[in-house]
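Per-entry structural report
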Protein chains: 2
Amino acid sequence: MSQELTSQTLAELMQRGNVFSDKCPSRDVLKHVTSRWGVLVLLALMDGEQHRFSALKRKILGVSEKMLAQTLQQLESDGFVIRTVFPVVPPHVEYGLTELGRQIAKQVVGLADWIENNLLQIIEAQQQYQSQQTSSLQHWQS
Amino acid sequence: MSQELTSQTLAELMQRGNVFSDKCPSRDVLKHVTSRWGVLVLLALMDGEQHRFSALKRKILGVSEKMLAQTLQQLESDGFVIRTVFPVVPPHVEYGLTELGRQIAKQVVGLADWIENNLLQIIEAQQQYQSQQTSSLQHWQS
DNA sequence: CTGAATCCTTGCTGATACTG
DNA sequence: CAGTATCAGCAAGGATTCAG
């Protein structure tokens, strides 16, 4: 019963402009992939290899086990990450990107790369903004 | 004194792999443009027109004045949004995208569009994930 | 009209401890 | 090894009020 959607429901979901509505499922997905750790997990998995939980924890500096598990679950539930369990003791679990995951990872990387490539201009703009703010503080000497 | 950066400082900032560090300025910018309202503001300004504060508030459903002002300030400080003040009464302020803003908006739109275009597959994956979760809850009937 | 300032609620986050 | 559960701290977010 979870294998079909009415075309009516889909039509509503696929509408453009829905992003301006908070109920749009796109916003949840966007939230997941652009979250603090979501971006880093996608980047860490971009090499196409399988990664163990502890390996990801070591690679992504500063992430707690809780947030790593949570982030991986979100990305898995969206179909971006595949989780493979080896029924051995001690437990062995590997994570990798699905085809869908590789595609969205490219988009995220594209955004991140653009920012890194244009960071100079951004920083200049930030400094101009700062100097303008301070220069407009001419309230001293009334 | 805010017009120059040493090439050494820049070299550090431009390093790839810095995204895995929390101190990377890129993460702040990424945070701004992918924030809950940042995406919507960029999308709302993508038409190239100038928009008044109240017009944006109407267009972006659910945003509070506080968050709209805050988001616009962040995007302006990053050099993505230009703020034009008309010294009249009552006050008249218009917002638009800079060239830098148009470029990053394209990246963000690319990400958002990809999600919308692939939403069907994502939703299917979510449903499969859900059904797998519930089917593994075979703890009843011990 | 366009915000700034304040208070208050919510949710995210991380450290700790515990399970299989 | 690979998580889950719980709790406490903090920052984001929202409603309201006030100012230019």
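Treat the numbers as computed from the prediction; the structure is a model and nothing was measured.

Reading the values: rules and limits
- Residues numbered from 1 in each chain as written.
- Chains lettered and ligands numbered in written order.
- Predicted model: local features only at pLDDT ≥ 70, side-chain atom pairs only at ≥ 80, totals over all residues.
- Heavy atoms only, no water.
- Helix = DSSP H or I, 4+ residues; strand = E, 2+ residues; numbered from the N terminus.
- Buried < 20%, exposed > 50% of the residue type's maximum accessible area, 1.4 Å probe, protein only.
- Contact = heavy atoms within 4.5 Å.
- Areas by Shrake-Rupley, 256 points an atom, 1.4 Å probe, with all protein chains shown as cover.
- Near = heavy atom within 4 Å.
- Polar contact = N/O pair within 3.5 Å; in protein donor to acceptor, adjacent residues only side chain to side chain.
- UniProt positions renumbered as here; feature names shortened; annotations may be inferred.
- Pairing = 2+ DSSP bridges.
- Nonpolar A, V, L, I, M, F, W, Y, C, P; charged D, E, K, R; others polar.
- Expected span 1.5 Å × (residues − 1).
- Least-squares fit on C-alpha atoms with pLDDT ≥ 70 in both.
- Buried area = accessible area lost by both parts, 1.4 Å probe.
- Salt bridge = Lys/Arg side-chain N within 4 Å of Asp/Glu carboxyl O.

**A short note on the overall build of chain A**
A count of helical and extended segments in chain A gives seven helices and three strands. Put simply, chain A runs from its N terminus to its C terminus through helices and strands in the order α-α-α-β-α-α-β-β-α-α. When the 142 residues of chain A are sorted by exposure, 42% land in the buried category. Restricting the contact set of chain A to residue pairs at least 6 apart, pairs at least 24 apart contribute 45%. Approximately 8,300 Å² of chain A is accessible, and the part contributed by carbon and sulfur atoms is 52%.

**Let's talk about the protein's contact with DNA strand D**
Taken together, 18 residues sit near DNA strand D, with Arg 52, Ser 54, Arg 83 and Tyr 95 of chain A together with Lys 66 of chain B positioned nearest. Restricting the count to atoms of DNA strand D within 4 Å of the protein gives a sugar and phosphate share of 60%. Between DNA strand D and the protein, one listed contact pairs a base nitrogen with a side-chain N or O atom of Glu 65 of chain A at 3.0 Å. Between a sugar or linking oxygen of DNA strand D and a main-chain N or O atom of Pro 91 of chain A, the distance comes to 3.3 Å. Take the surface near DNA strand D: its biggest share by element is four residues, from helix α5 (residues 65–77) of chain A.

**Looking at the UniProt feature "domain: HTH hxlR-type" (unreviewed entry) in chain A**
With numbering aligned to this structure, UniProt lists the feature "domain: HTH hxlR-type" (unreviewed entry) at residues 24–123 of chain A. Annotation note: span residues 24–123 of chain A, helix share 61%, strand share 14%, distance between end C-alpha atoms 33 Å.

**Regarding the pairing of strand β3 (residues 92–97) of chain B**
Residue and element names in this part refer to chain B. In terms of burial, β3 is a largely internal element, five of the six residues being buried. Looking at chain direction, strand β1 (residues 51–52) and β3 are connected through two bridges and run antiparallel. By the bridge assignment, Arg 52 is partnered in β3 with Glu 94. Where strand β2 (residues 81–86) and β3 come together, six bridges link them in antiparallel fashion.

**A few points about the protein's contact with DNA strand C**
The local shell around DNA strand C holds 15 residues, among which Lys 66 of chain A together with Arg 52, Ser 54, Arg 83 and Tyr 95 of chain B are the closest. For DNA strand C, the fraction of protein-proximal atoms (within 4 Å) that sit in sugar or phosphate groups is 64%. Glu 65 of chain B places a polar side-chain atom, nitrogen or oxygen, 3.4 Å from a base nitrogen of DNA strand C. Looking at the surface near DNA strand C, the elements that each hand over two or more residues are α5 of chain A together with α4 (53–59), α5 (65–77) and β3 of chain B. Among the residues making up the surface near DNA strand C, the classes are represented as eight nonpolar, two polar and five charged.

**Quick notes on α5 of chain B**
Counted at 1.5 Å a residue, the expected span for α5 of chain B with its 13 residues is 18 Å, and the 18 Å between its end C-alpha atoms agrees. Restricting attention to buried positions, one finds in α5 of chain B the residues Leu 68, Thr 71, Leu 72, Leu 75, Glu 76 and Ser 77 of chain B. On its buried face, α5 of chain B is in contact with α7 (119–135) of chain A together with α2 (25–33), α3 (38–45), α4, β2 and β3 of chain B. Following α5 of chain B by one or two positions, Gly 79 of chain B has its phi on the positive side, about 85°.

**A short note on the relation of the copies chain B and chain A**
Each of the two copies of the chain can be brought onto the other by a rotation about an axis and a shift along it. Once turned by 180° and shifted 0.0 Å along the axis, chain B lies on chain A with an RMSD of 0.3 Å. Here the symmetry operator amounts to a two-fold rotation axis. In terms of C-alpha distance to the rotation axis, chain B has Thr 34 of chain B as its closest residue, with the C-alpha 3.2 Å off the axis.

**Quick word on the interface of chain B and chain A**
Tallying the contact residues gives 55 residues for chain B and 53 residues for chain A. For the pair chain B and chain A, the summed buried area comes to about 5,400 Å², and 65% of that belongs to carbon and sulfur atoms. Here chain B is connected to chain A by zero salt bridges. The tally of links from chain B across to chain A stands at eight residue pairs in polar contact (both at pLDDT 80 or more). Mapped onto the side of chain B that touches chain A, the elements with two or more residues apiece are α1 (7–14), α2, α3, α5, α6 (99–117) and α7 (119–135) of chain B. Looking at which element gives the most residues to the side of chain B that touches chain A, the answer is α6 of chain B, with twelve residues. A class-by-class count of the residues in the side of chain B that touches chain A yields 30 nonpolar, 16 polar and nine charged.

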